[in-house]
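Geometric and topological summary
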Amino acid sequence: MKLSTFFLYLLIMAGSTYLIRVLPFVAVRNKIQNRFIRSFLYYIPYAVLTAMTIPAIFTATSSIISACMGLAVAILLALKKCSLTTVALAACLAVYLTELIVC
């Protein structure tokens, strides 16, 4: 790839990323009053994080069974309001033990 082509691609990528981040600040100057839109915007980060994490859970292990066990343990502990560290360590331990038993 030529250096000029690289910088053109880089400029286009930087410009599109910048526009995505700046456009909401320019378009919406006042506080959003609509309850539906506010609740929708509140849950977007959680939805995006879930959409990025769930597929990774099922492809991170060598067995779908161990992935499901780790996810189940994580969900149960999260519902019991355990800390993030506890949930992550317990899920990893569940995956490890399931991998030992299954494989």
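Throughout what follows, the structure given in this document is the object of discussion. These numbers come from a predicted model, not from an experiment. (Residues numbered from 1 in each chain as written. Predicted model: local features only at pLDDT ≥ 70, side-chain atom pairs only at ≥ 80, totals over all residues. Heavy atoms only, no water.)

**Focus on the packing of helix 3 (residues 64-79) against helix 4 (residues 84-102)**
Contact geometry of helix 3 with helix 4 gives a least axis separation of 8 Å together with a crossing angle of 150°. Between helix 3 and helix 4, the angle falls in the class roughly antiparallel. For the element pair helix 3 and helix 4, the recorded crossing hand is right-handed. Here Ile65, Ser66, Met69, Gly70, Val73, Ala74, Leu77 and Ala78 of helix 3 come into contact with helix 4, specifically with Thr86, Val87, Ala90, Ala91, Ala94, Val95, Thr98, Glu99 and Val102. (Axes fitted to C-alpha atoms, helices over the stretch in contact; angles between N-to-C directions. Helix = DSSP H or I, 4+ residues; strand = E, 2+ residues; numbered from the N terminus. Parallel < 35°, antiparallel > 145°, perpendicular 65-115°, else oblique. Left-handed = near helix turned anticlockwise from the far one by under 90°. Contact = heavy atoms within 4.5 Å.)

**A closer look at the packing of aromatic side chains**
By the definition in use, this model includes four aromatic pairs. Seen from their ring centres, Tyr42 and Tyr43 are 5.0 Å apart, and the 90° between their planes marks the pair as edge-to-face. Relative to Tyr46, the ring of Tyr42 has its centre 5.9 Å away and its plane inclined at 55°; by these criteria the two rings are tilted. Separated by four residues within a single helix, Tyr42 and Tyr46 lie in helix 2 (residues 35-59), roughly one turn from each other. Members of the aromatic cluster, each reached through a chain of ring pairs, are Tyr42, Tyr43 and Tyr46. (Phe/Tyr/Trp six-rings, centres within 6.5 Å; stacked < 30°, edge-to-face > 60°.)

**A look at helix 4**
In a regular helix each residue adds 1.5 Å, so 19 residues correspond to 27 Å; helix 4 covers 27 Å between its end C-alpha atoms and thus fits that length. Among the residues making up helix 4, those that are buried are Val87, Ala91, Ala94, Val95, Thr98 and Glu99. Seen end-on, helix 4 carries its buried residues on one side only, within an arc spanning 130°. Residues Thr85, Leu89, Cys92, Tyr96 and Leu100 are exposed on helix 4 and point more than 90 degrees away from its buried face. Its buried side turned inward, helix 4 meets helix 3. (Expected span 1.5 Å × (residues − 1). Buried < 20%, exposed > 50% of the residue type's maximum accessible area, 1.4 Å probe, protein only. Arc of directions from axis to C-beta.)

**Things to note about the packing of helix 2 against helix 3**
Viewed as axis vectors pointing N to C, helix 2 and helix 3 meet at an angle of 135°, and their least axial separation amounts to 7 Å. What the angle tells us is that helix 2 and helix 3 run oblique. From helix 2, Ile54, Ile57 and Phe58 reach across to helix 3, where they touch Ile64, Ala67, Cys68 and Leu71. Residue composition of the contact of helix 2 with helix 3, grouped by class: seven nonpolar, no polar and no charged. (Nonpolar A, V, L, I, M, F, W, Y, C, P; charged D, E, K, R; others polar.)

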